[in-house]
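Read off the chains here:
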Amino acid sequence: NVPTLAEELKRAGYRTGLVGKWHLGHTKAEFYPTNRGFDYFAGGLRGSSEMMDPILLENGMTRQYKGGLTDVLADFALGFLRTYREQPFALFFHPFRPHAPYVPVPEQDREPYRGKKLTVPEVEGVPRERIREITEKYYASISSVDRNLGRILAELERLGVLDDTIIIFTGDNGYN
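Parameters and conventions
- Every residue gets a number counted from 1 within its own chain, in the order that chain's sequence is written.
- It should be noted that, the model being predicted, local features are given only for residues of pLDDT at least 70 and side-chain atom pairs only at 80 or more, the latter also being counted only at that level, while totals for whole chains, interfaces and linings use all residues.
- To get the side-chain values, take all heavy atoms of the structure and skip hydrogens and water.
- To qualify as a helix, a DSSP run of H or I must reach at least 4 residues; to qualify as a strand, a run of E must reach at least 2; elements of each kind are numbered from the N terminus.
- When a residue's accessible area, from a 1.4 Å probe over protein chains only, is under 20% of the maximum for its type it is buried; when over 50% it is exposed; and in between it is partly exposed.
- Every residue pair with non-hydrogen atoms within 4.5 Å of one another is taken to be in contact.
- For the accessible areas, the method is Shrake-Rupley and the probe is 1.4 Å, while residue cover comes only from the protein chains on display.
- By convention, a stacked pair of Phe, Tyr or Trp rings (six-membered ring in the case of Trp) has centres within 6.5 Å and planes under 30 degrees apart, an edge-to-face pair has planes over 60 apart, and any other such pair is tilted.
- Residues belong to one nonpolar core when they are buried, are Ala, Val, Leu, Ile, Met, Phe, Trp, Tyr or Cys, and are joined through side-chain atoms within 4.5 Å.
- Only strands that DSSP links by at least two bridges are regarded as paired with each other.
- All axes here are fitted lines through C-alpha atoms, helices being fitted over the stretch that makes contact, and every angle between N-to-C directions spans 0 to 180 degrees.

1. Section: the overall build of the chain
In terms of regular secondary structure, the chain is built from 4 helices and 5 strands. The order of helices and strands in the chain, counted from the N terminus, is α-β-β-β-β-α-β-α-α. Across its three principal axes, the chain shows a C-alpha extent of roughly 55 × 40 × 30 Å. Expressed as a percentage of the 176 residues in the chain, the buried residues total 43%. By sequence separation, contacts in the chain at least 24 residues apart represent 54% of the contacts at least 6 residues apart. Surface accessibility of the chain: about 10300 Å² in total, with carbon and sulfur atoms responsible for 53%.

This is the structure:
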């Protein structure tokens, strides 16, 4: 019975959208994002999703999409921005990443780290090569988010609304 930020923004006249991870209830309709203040929802209702060719919901319809999860979600976000650019909007972009498993990701996000000598911590009982492999995948996951956030920022600029947009960037699973 506590209002969400989306409900408050909607009440103030904003069009609200959530793209990505909604990990706040999946079994009861009352917890569905469009029942918690979002006009638009595309993503998943659980804590994880397929990282390539994901099966996602868009406003209640489930289907499989081709490509990397973060790319597909960014495409949804771009569509939301194009649709609601003429009015106040609030877009929540929750790309599931970085989150294990960190890969697969599109090759362009993984390639910069292949074969690089990455500095990694020593962890007792864990082979250094294993930590290096996990770190490479983690960096690739972050690069996927960075690249797609760049796409969203470029679209805000192209639409002429970047200077009037507040961007709040937070992360999930910050234990690394």
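2. Re the packing of aromatic side chains
Following the criterion strictly, the structure yields 10 aromatic pairs and no others. On the basis of an interplanar angle of 80° and a centroid distance of 5.5 Å, the ring pair of Tyr32 and Phe41 is categorised as edge-to-face. When its relative accessible area of 16% is taken as the criterion, Tyr32 is described as buried. Using a relative accessible area of 0% as the deciding quantity, one classes Phe41 as buried.

3. Some words on the nonpolar core
Within the largest apolar cluster, 23 residues are counted, with the highest numbers of intra-cluster contacts made by Leu73 and Phe76. Those elements that place two or more of their residues in this core are strand E2 (40-44), helix H2 (69-84), strand E5 (89-94) and helix H4 (128-158). Per-element tally for this core: the top contributor is H2, with 10 residues. Not counting chain neighbours up to four residues away, the residues in contact with Leu73 comprise Val19, Gly20, Ala42, Gly43, Leu56, Phe93, His94, Pro95 and Phe96. In terms of nonpolar packing, the next biggest core, distinct from the first, is built from 11 residues, Leu18, Leu45, Leu57 and Phe92 among them.

4. Focus: the sheet that holds strand E1 (residues 15-21)
Whenever strands of a sheet pair, they do so through backbone hydrogen bonds, lying parallel or antiparallel. The strand order across the open sheet built from 5 strands is E4-E3-E2-E1-E5, with neighbouring strands paired in mixed fashion. Looking at which strands have only one partner, the edges of the open sheet turn out to be strand E4 (61-64) and E5. Taking each pair of neighbouring strands and ignoring which way they run, the sheet shows an average axis angle of 15°. Where E2 lies against strand E3 (residues 55-58), 2 bridges are found, and the strand directions are antiparallel. Paired with Ala42 across the bridge in E3 is Glu58.

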